[in-house]
Amino acid sequence: MTETIRLTTAQALVRFLASQYSERDGQEQRLIPGMWGIFGHGNVAGIGQALLQAAVTREAHLPYYLARNEQGMVHASVAYAKMRDRLATFACTASTGPGSTNMITGAALATTNRLPVLLLPSDMFATRAADPVLQQLEDTRGGDVTVNDAFRAVSKYFDRISRPEQLIPAALAAMRVLTDPVETGAVTLALPQDVQAEAHDWPVSFFRRRVWHVGRPVPEQAAVERAAHLLRGAKKPLIVAGGGAVYSGAETELRAFAEATGIPVADTHAGKGAVPWDHPCAVGGIGSTGSYAANELAREADVVLGIGTRYSDFTTASHTVFGNPDVTFVNLNVARLDAVKHSAEPLVADARLGIQALAGALTDWEVEPGYRSHTRQLIARTREIEEECFAPDRNTGDLPAQTQVLGALNDVLDDRAVVINAAGSMPGDLQQLWRARDPKAYHVEYAYSCMGYEVAAGVGAKMADPSREVVVLVGDGSYLMMAQEIVTMVSEGLKVIIVLVQNHGFASIGALSESLGSQRFGTKYRYRDGDSGQLDGDVLPVDLAANASSLGADVLHAASVEEFRSAMEKAKAASRTTVVHVETDLYGPNPPGHGWWDVPVSQTSALDTTQAAYDTYAAHKQSQRHYL
């Protein structure tokens, strides 16, 4: 007979998760090293009791971490997974109703970024014995609908465990998706609160140590030959390195390939650092906020080799940056969805193995010397532009420009320091100006560009690699969205530096609004003016530094670039989470634009500014096209 053990569904799940491992290239690690959570009536007696019992009896090792916001704990888990190349992540437990739905934004972020996270939202009674219970949605279309159905659209796998025995196939399927580089993202197992506490006789073999092997798909030889044929015929090829190049650990192969062939390498936000910024083939970020060199080369490129990129609109500058009418794409990607984009010649494979195969097929080929020289000239001009952005006289007012702050950060941080950002004007500035030499040093979430990601991500990144300095760059807008995980940093004894940039408004959207003819409407933190009735009065007396201090962080103030440098040195020497508060000029200046982003402008308007903006928009639309 099959040996069994009697446990609740929650106890069984905790024991199962504690026995899961991932492996790639012979290196094993815990797939789920712990569980984040906030307890409420929906999970305190289920998952909560199971975690306590596991800790007391030591029947399973699954540490519990207390978050302050359910969305924040998902962000922390995703940041951890990003730092671990998608080979490990956390589980997240939340109570019914708002506790669970708070995780939906985090789920969307994970799935959009192709990063694994396991979500365990509590659900309503499977027995429906007490309908409607507290926080239950009553849907007239069906009794089996709950708020957790909202997770379906943003999860790569979703299941509701209505009976204990359903956990066995669901848990195994969840691990399959979490460890699949093609399908990974948010995995959601909705757990009715009564089922969590229900006992069942489980087969002991369900809890055996399992190793999920993350393979490297081998490229098909015929596909390699087709791709190599196109590259051999190129006069002005360009590589676009995306996140797949980093998650595959293909940095060494990519650099060697670029050196041997002379093909310049542009990068996306997720791919930055795969080739060091000062490598002779590195031309910087590409697309809407890309560098001068990368975008100039993209406009001329006749063959584009995409490596591990999903070609977001910021990468393609809304389908305008690749200007050659005869441009052809070769896409090396583990996911066929991305490999066939832009009518490309697909090379479906692991990035590292794909690059190695292409290198072998092109051993006797390289670009012409004139193209290498042209690339060097463009890089030289790009460096001049960067230095102009860092220059002491860059700002026009009393406050330093954000670009100067980034220049100072470039100087004071070492190559292994992790810089985290997600939203606002900083991702655009960083893509042009940040000088990454390490693939984990640039941690910008720009698939979902979620305000509020930054502070929580600092927790996950530091937990993933405590040996690195972790620096969170956050503007006042994102800080006000979600700063409470500072408390988590303090409680867990994590030393993180938070650079809090205060400019009393939404700098990025304000500048975008102005460029689109909307006059920065609704983008400043101001009192409502009694005469105009608009939010354009005096600056609000908001003290974010005092707020950070109240959450337990040490706080340093900087009013100039030199004071900022000094404060950063003190923060680096500190042993606790430290916030460096610096005020910058809301109006920039920002790095010069070398690309375009398609944000539609009103076709008809009574405002002169909007009319002028539409004329500019219509002109840009002329160069937009599908790559067929």
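What comes next is a walk through the structure. (Residues numbered from 1 in each chain as written. Predicted model: local features only at pLDDT ≥ 70, side-chain atom pairs only at ≥ 80, totals over all residues. Heavy atoms only, no water.)

**Digging into the overall build of the protein chain**
Working step 1: Scanning the protein chain from N- to C-terminus turns up 24 helices and 23 strands.
Working step 2: What you see for the protein chain is a C-alpha radius of gyration of 25 Å, in line with the 25 Å of a compact globule of 628 residues.
Working step 3: Seen along its three principal axes, the alpha-carbon backbone of the protein chain occupies a region of about 75 × 70 × 55 Å.
Working step 4: Within the span of the protein chain, comprising 628 residues, buried residues form 59% of the whole.
Working step 5: Looking at the protein chain alone, contacts between residues at least 24 apart form 76% of all its contacts between residues at least 6 apart.
Working step 6: In the protein chain, the 54 positive side-chain charges and the 71 negative ones have mean positions that sit 5 Å from each other. (Helix = DSSP H or I, 4+ residues; strand = E, 2+ residues; numbered from the N terminus. Rg over C-alpha atoms; globule rule 2.2 N^0.38 Å. Buried < 20%, exposed > 50% of the residue type's maximum accessible area, 1.4 Å probe, protein only. Contact = heavy atoms within 4.5 Å. Lys, Arg positive; Asp, Glu negative; His and termini not counted. Charge placed at Lys NZ, Arg CZ, Asp CG, Glu CD.)

**Some words on the packing of aromatic side chains**
Working step 1: On inspection of all chains with the given rule, the structure shows 17 aromatic pairs.
Working step 2: On the basis of an interplanar angle of 75° and a centroid distance of 5.9 Å, the ring pair of Phe322 and Tyr627 is categorised as edge-to-face. A residue pair is termed long-range when its members are at least 10 positions apart, and Phe322 in the loop between α12 (313-316) and β16 (328-333) and Tyr627 in the segment after α24 (608-621) qualify at 305 residues.
Working step 3: Ring geometry for Trp596 versus Tyr617: centroids 5.8 Å apart, planes at 45°, classification tilted. Of this pair, Trp596 sits in the loop between β23 (578-583) and α24 while Tyr617 sits in helix α24; the two residues are 21 residues apart in sequence, bridging distant segments of the chain. For the pair Trp596 and Tyr617, a shared accessibility class is recorded, and that class is buried. (Phe/Tyr/Trp six-rings, centres within 6.5 Å; stacked < 30°, edge-to-face > 60°.)

**As for the side chain of Arg86**
Working step 1: Within the secondary structure, Arg86 is located in the loop between α3 (70-83) and β6 (91-94).
Working step 2: Within the buried core, Arg86 has no salt-bridge partner, and the shortest N-O distance to an opposite charge, that of Asp85, equals 7.3 Å.
Working step 3: A polar side-chain atom of Arg86 sits 3.1 Å from the main-chain carbonyl oxygen of Arg114.
Working step 4: Not counting residues up to four positions away in its chain, the partners in contact with Arg86 are Ala81, Arg114, Leu115, Pro116, Leu178, Pro181, Thr184 and Tyr247. (Salt bridge = Lys/Arg side-chain N within 4 Å of Asp/Glu carboxyl O. Polar contact = N/O pair within 3.5 Å; in protein donor to acceptor, adjacent residues only side chain to side chain.)

**Observations concerning the pattern of salt bridges**
Working step 1: By the definition in use, this model includes 41 salt bridges.
Working step 2: Between Asp267 and Lys272 there is a salt bridge, with the nearest N and O atoms lying 3.3 Å from each other.
Working step 3: The shortest N-O distance in the salt bridge between Glu386 and Arg383 comes to 3.1 Å. In this pair, Glu386 and Arg383 are both assigned in helix α15 (residues 369-390), three residues apart and thus about one turn of the helix distant.
Working step 4: Through salt bridges with shared partners, a single network forms among Asp25, Arg216, Glu253, Asp350 and Arg352.

**So, the sheet that holds strand β22 (residues 554-558)**
Working step 1: Strands sit in the order β19-β18-β20-β21-β23-β22 across an open sheet of six strands; the sheet is parallel. The open sheet has two free edges, formed respectively by β19 (442-444) and β22, since each of these has just one partner strand. For this sheet the average axis-to-axis angle between neighbouring strands, irrespective of direction, equals 20°.
Working step 2: Direction of pairing for strand β21 (residues 497-502) relative to β23: parallel, over a ladder of six bridges. Bridge pairing links Ile498 to Val579 in β23. (Pairing = 2+ DSSP bridges. Axes fitted to C-alpha atoms, helices over the stretch in contact; angles between N-to-C directions.)

**Section: the nonpolar core**
Among soluble globular proteins, nonpolar side chains are generally buried collectively.
Working step 1: One finds Trp36, Leu119 and Ile498 to be the most contacted residues of the largest nonpolar core, which totals 56 residues.
Working step 2: Listed in part, the 55 residues of the second largest apolar core include Leu238, Ala282, Ala344 and Leu378. (Core = buried A, V, L, I, M, F, W, Y, C linked by side-chain atoms within 4.5 Å.)

**Some details on unusual backbone geometry**
Working step 1: The residue after Asp131, namely Pro132, is reached through a cis peptide bond having omega -15°.
Working step 2: Within the secondary structure, Pro132 sits in the loop between β7 (117-123) and β8 (157-160).
Working step 3: Residues Gly588 and Pro589 are joined by a peptide bond in cis, for which omega reads 0°.
Working step 4: Looking at the element boundaries, Pro589 is found in the loop between β23 and α24.

**What to know about the layout of surface pockets**
Working step 1: As a volume, the largest pocket reaches approximately 1100 Å³.
Working step 2: Elements with a minimum of two residues in the lining of the largest pocket: α17 (426-433), α19 (476-481), α21 (507-515) and α24.
Working step 3: Among the elements that take part in the lining of the largest pocket, α21 stands out by supplying six residues, more than any other.
Working step 4: Residues of the lining of the largest pocket, tallied by class, amount to 20 nonpolar, 20 polar and two charged. (1 Å grid on protein atoms, 1.4 Å probe; cavity = no way out; pocket = protein on both sides within 12 Å on 5 of 7 lines; lining within 4 Å. Points joined across faces, edges and corners; volume = space filled by probe spheres on them. Nonpolar A, V, L, I, M, F, W, Y, C, P; charged D, E, K, R; others polar.)

**Examining helix α2 (residues 47-57)**
Note: α-helices contain 3.6 residues per turn, so residues at a spacing of three or four share the same orientation.
Working step 1: Along α2, the residues that are buried comprise Ile47, Gly48, Ala50, Leu51 and Ala54. Angularly, the buried residues of α2 cover 165° about the axis, an arc narrow enough to put them on a single face. Turned more than 90 degrees away from the buried face of α2 sit Leu52 and Val56, all of them exposed.
Working step 2: Structurally, α2 contributes buried residues whose contacts are with α1 (9-17), β4 (35-37), β5 (64-66), β6, β9 (186-192) and α7 (193-196).
Working step 3: Immediately downstream of α2, the backbone of Arg58 shows phi near 60°, a positive value. (Arc of directions from axis to C-beta.)

**Structural notes on empty space enclosed by the protein**
Working step 1: Taken as a whole and assessed by the stated rule, the structure comprises six cavities of 30 Å³ or more.
Working step 2: Roughly 660 Å³ of internal volume is contained in the largest cavity.
Working step 3: Considering the residues around the largest cavity, the lining is formed by 45 residues, among which Asn113, Gly243, Gly244, Tyr247 and Gly308 are closest to the centre.
Working step 4: The leading source of residues in the lining of the largest cavity is helix α9 (residues 243-247), at three residues.
Working step 5: Here the lining of the largest cavity is built from residues that sort into 19 nonpolar, 16 polar and ten charged.
Working step 6: Roughly 130 Å³ of volume is contained in the second largest cavity.

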